[in-house]
Amino acid sequence: MNYTVLIILLPLLGAVISGLCIIGKRNILAEVISTLLVCLSALMSIHVYFSLEKFIKNITIYEWIKFSDLSLNFSIYLDPLTSIMFCVVTIVSAVVHIFSIGYMHSDKFRARFFCYLSLFTFAMLILVCSDNFIQLFLGWEGVGLCSYLLVGFYFHKPSANNAAIKAFLVNRVGDFGYLIAIALIYKYFNTLSFSEVFQSVYTFKEYKVSFLSNEFNLITVITMFLFLAAVGKSAQIGLHVWLPDAMEGPTPVSALIHAATMVTAGVFLVVRCSPLFEYSQFTLNFITYIGIITSIFAASVALLQDDIKKVIAYSTCSQLGYMFFACGISAYSLAMFHLVTHAFFKALLFLAAGSVIHSLHHEQNFKNMGELYKKLPITYFFVIVGSLALTGIPPFAGYFSKDLILEFALSKHTFNSTNVYIFGCLGAFLTAIYSTRLLYFTFHGKSKISPTIFKDIKEPPYVMIVPLFILAIGAIFGGYIFYNLVYDNSFWKDSIFTLNNINYVEEAHHIDKIFKLIPIILVVTAFIIVFGSYKFIQDLSSKLNKYFGTLTVILKNKWYFDSMYNYLFVKKLLDFSKFLWTSVDIGIIDLKGPIGVSAKVMKTATYFRKIQNGKIFSYAIFMFAGIVVFAGILFF
Amino acid sequence: MNSFPILSSIIILPLFGALVAMLVKGSDKEISKNLRDLALWISIVELILVVLLCLQFDQSNDNFQFVEKTVLLTKFNISYFLGVDAVSLTFMLLTAFLFPLCIYYTKLSIKYRTREFMVCFLLLQALVMGVFSCLDIVLFYIFFESLLIPMFLIIGIWGGKRRIFASYKFFIYTLAGSVFFLISIIVMASIANTTSITELDNYYFDIELQKWLWLGMFVSFAIKVPMWPFHTWLPDAHVEAPTVGSIILAGILLKVGGYAFLRLSLPILPSASFYFSEAILILSIIAIIYTSFVAMAQDDMKKMIAYSSVAHMGYVTAGIFSLTEAGIKGAIFQMLSHGIVSSALFLSIGFLYERTNSRQIKDYSFLVKSMPVFSFLFIVIVLSSVGLPGTSGFIGELMSVLGVYKFNSIFGFFVAFGLVLGAIYMLRLVRQIVFTIEARKETTLKELIFSEKIILSLFAILSILLGLMPNILLRFIDSFTLKLLLNF
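Residues numbered from 1 in each chain as written. Chains lettered and ligands numbered in written order. Predicted model: local features only at pLDDT ≥ 70, side-chain atom pairs only at ≥ 80, totals over all residues. Heavy atoms only, no water.

Colleague: What exactly am I supposed to notice about the pairing of strand E3 (residues 208–211) of chain A here?
Modeller: Side chains on a regular strand alternate between the two faces of the sheet. Residues and elements named next belong to chain A. Relative to strand E4 (residues 214–217), E3 is paired through 4 bridges, and the arrangement is antiparallel. Its bridge partner being in E4, Val 209 is matched across the sheet by Phe 216. The hairpin formed by E3 and E4 contains 2 residues between the paired strands, and Leu 212 there has a positive phi angle of roughly 50°. (Pairing = 2+ DSSP bridges. Helix = DSSP H or I, 4+ residues; strand = E, 2+ residues; numbered from the N terminus.)

Colleague: I'm lost on the environment of Ser 308 of chain B in this one. Help?
Modeller: Note on placement: Ser 308 of chain B falls in helix H13 (residues 301–321). Overall, Ser 308 of chain B belongs to the buried group, its relative accessible area being 2%. (Buried < 20%, exposed > 50% of the residue type's maximum accessible area, 1.4 Å probe, protein only.)

Colleague: Could you clarify how one ought to interpret the nonpolar core in this entry?
Modeller: One broad rule of soluble globular proteins: the nonpolar side chains tend to lie buried together. Residue and element names in this part refer to chain A. With 434 residues, the main nonpolar core has Phe 133 and Leu 276 as its most contacted residues. Sorting elements by how many residues they give to this core places helix H16 (residues 332–359) first, with 19 residues. Other than its neighbours up to four places away in sequence, Leu 276 contacts Phe 133, Ile 185, Val 197, Phe 198, Val 201, Ile 219, Ile 222, Thr 223 and Leu 226. (Core = buried A, V, L, I, M, F, W, Y, C linked by side-chain atoms within 4.5 Å. Contact = heavy atoms within 4.5 Å.)

Colleague: Honestly, the confidence of the model for chain A in this entry has me stumped. Any pointers?
Modeller: In low-pLDDT segments, the atomic positions of the prediction should not be examined closely. Overall, the prediction assigns chain A a mean pLDDT of 87, with 100% of residues at 70 or greater. Within chain A, the element-level pLDDT minimum falls on helix H26 (residues 540–547) of chain A, averaging 74, and the maximum on helix H12 (residues 265–272) of chain A, averaging 94. (pLDDT = per-residue confidence, 0-100.)

Colleague: Would you take a moment to explain the packing of aromatic side chains for this structure?
Modeller: Inspection of the entire model under this criterion finds 81 aromatic pairs over all chains. Both rings, one in Tyr 279 of chain A and one in Phe 497 of chain A, keep their centres 6.0 Å apart while their planes meet at 25°; by these two values the pair is stacked. With a gap of 218 residues between them, Tyr 279 of chain A in the loop between helix H13 (274–277) and helix H14 (281–302) and Phe 497 of chain A in the loop between helix H23 (484–487) and helix H24 (504–509) connect regions that are remote in the sequence. Over the ring of Phe 144 of chain B we find Lys 224 of chain B; its NZ or CZ atom is 4.2 Å from the centre of that ring. (Phe/Tyr/Trp six-rings, centres within 6.5 Å; stacked < 30°, edge-to-face > 60°. Lys NZ or Arg CZ within 6 Å of the ring centre and 35° of its normal.)

Colleague: Would you mind going over the interface of chain B and chain A with me for this structure?
Modeller: For interface size, the figure often reported is the accessible area lost on association. With 57 residues of chain B at the interface, the matching set in chain A holds 48 residues. Where chain B packs against chain A, one counts 1 salt bridge. The salt bridge involving Arg 475 of chain B is made with Glu 63 of chain A; its shortest N-O contact spans 3.4 Å. Our count for the contact surface shared by chain B and chain A stands at 13 residue pairs in polar contact (both at pLDDT 80 or more). The set of elements that each furnish at least two residues to the side of chain B that touches chain A consists of helix H7 (163–192), helix H12 (270–296), H13, helix H14 (325–356), helix H17 (392–407), helix H18 (409–435), helix H19 (450–468) and helix H20 (471–476) of chain B. Class assignment for the residues of the side of chain B that touches chain A results in 39 nonpolar, 10 polar and 8 charged. (Salt bridge = Lys/Arg side-chain N within 4 Å of Asp/Glu carboxyl O. Polar contact = N/O pair within 3.5 Å; in protein donor to acceptor, adjacent residues only side chain to side chain. Nonpolar A, V, L, I, M, F, W, Y, C, P; charged D, E, K, R; others polar.)

Now the structure itself:
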């Protein structure tokens, strides 16, 4: 058995064993075995990452689909991009597995939970190691399914069920884009394997396709549809609505799926298909602006959310926007760098939030918390580390990855990239505001918890602290550990393609020092202002409501996306389908078709029945008339 | 080939069984038990025979194999002419697989008139096998239309409350189509002076004539598939039919229409098929999108699945008439997959119906608590039905989309859009019956018994197996598809 194959198969084995444990009702066995297997897989991924040269190759497991000259394999395509994703996925997954042992310890259905979690890990690995579009789609839908199952894990809660379905269906819209992209690629390239498609992209550079009598550039069309898929999975504006709702799932799930891995699959897709995206400047610009809009929009909504997990969820949306606009200015490796560091600090934030929620017995609204720093000092420390990394304070991981994107954007001196810098800084400012707000209300502000409960609040057990510690290492030192991703383009070999080979770090160094400091200054200012105003101004929120009334209403309603979609796609859709059924199917097709025709037949038959009146006289007349007609035909 | 007439024996064996069933005497209880066993054994032997046939079948040879021919009428060379190729074998295998399961399941579901039921059922099996293996167009017509009779009886006798209405609607609809089919056959036979399908394949009809002949056959096949707007018999028939009836109807009878397109319309009338391909694609797209919407509005589970069947068969007709390799293979794959998945869905609903006598979605809730195994298998099957990668549904739909897209991008666009719609109502169904907790009541039902678990999991496993190893089937139908495409 090949070493890299094992990395993928171990989580599957874990899922199968936990699945058997569901039947045998052996929760402890399930959690221990699946955790051990995923940890083993994580160690192996780290090993592969550090001795990459030895392992780079494409291992075919078996031929999956073959028709005409299309042959698609199940394979493990190990290149630098895959290996870094392997690391992120398996490490975060291992950490989340360990954390869940503590977090879920009182749940009767733990075996099922661990089964889904391991299955998710497996699907995500399948996604990242694919060498063709279809296997990627298998993983893509596989993670979607596991997300559906895990978000709906507390199935006795109707809200969890609705969130699960919403996530699945919104993602289906993205999948539709993916399917169209596949169909287009198959039609023109006649293959669906990455290497073959990427090799021949150049020849299709100027190729035009006509759609509804308009001419479009083929590569642009393909990449736009691929991006639609990425928008769905990575919760960018328009299709972002599922992500905040998905917070109904257990918190470890949010950390693994909705922060570190699945939602970054869209970014991964864009990076993986960089040879395609590079040839369409239009799509790249589009990605840039979608990224910018999402990062600002999501950060603005996060400002006024009171649910600790929803704030982090919107923050994830916003950070994914950063990754996308990095892709949009062709800085794929910077996007990947941010993806990696973000995976660590955002998983840290989620798990820390999870341990707060756990300690407070599933209270998620931070307006009902306060003064927790006294009771949960260790968790408090981790939240601070996570927030500092998120806001990009040096020397935490977020500083390296985020500020590098902004600095590089400024050094490019184009209109788009300058916008990236400006809005990126604004986004950082907003990020600092909501992070501080979260910190303040959860850990400082006046405690709203009843004293009897407050007295019993305890730090979570070690099994939950250790994972936080591991992630905190990533959030603090991630910037150094993974600096080789960006420092030197040779790391990526052929897995990332850019038209102009640029050393991003070099370029970023050339901008003025003041511009490098601006993001940090903004963040620190925001931090001081927010903390200060909450501390020293009485009734801040009512004053804010007074002066920014309309704005707060809009933000509280999340820019009305949800209400609009609910109206259009839930209510109107059902009305429309009811209309089609009752009016068209029953009303037109049935009434005019079979029922109408048979009624006509009946009616005609009643006329004919009048002829059959049983009187010999009238029969004789008909006979005579018949003879006359026949005779007439014969003689003339 | 002068060896053992294996195809004839596959057709005659159930007929013989039906005859025995009619003649046996004894007390009601004994008869029903013995006859069920008899039918079960016959269908198992059939399965073994078909499997043997598949094993002996030469995949690389694209001619008909195991041919048997006896001239019946010298005038038009009407003959008893049997033979199989890959696609007919595929459907024979599906038939041979579904029948034993259905007959086994009747033990739990058919409570009265067992003798008559077994007669109908065995007759049905013989006729289906006949349709899939005969190579004479008159013979084909006879088998094709006779299918109506046992199915009509099954719906009309063992059906639900409005069974009479449904069975008549079904009967009239299908019979109306067959008239045009018969006219086409008569015209073809009198011009080409032969009724053998293989000879008709090589006969070239005038293009204008082809169009008329094609239309005549189309009406009949389109009703069987059913294509929009000829589909309204299906929901009624399904809702009223007993569970086994629904399984056979969705699993096999709908496939007969698609098979007829592949066996007759495409090879005999290629120019007309090409001429009408765009029209068919438009109808298929309407079927996919329109019926998905209608399915969303349903409160009756069986009706919902019936409408979803129309949408899924839309992928089949779209794939066939994309006239591309991907499309045709995808269509065949989709038919097989739908045969498995829709049967399993109807079976699941049948299980529920026996427990509560209700098909209304609102009468079920939170099954995951009382029936966890059922819920799990049901979800697997639903996912297969919405075409999740890794299940058989995905391969068929993907290949149809690829084929249609190659034919025409705009059509491909709409066909792909159907995938989004399909997920909506199926997941809503799952949410309603499996997960939702109704405050007023919680359905507590008996978990599946062992044999029910086995049957349902067999379907689930098959669907996943086909999804992960589609090559087994794709290779099998390779030479057939290539030969068919030589016409275009």
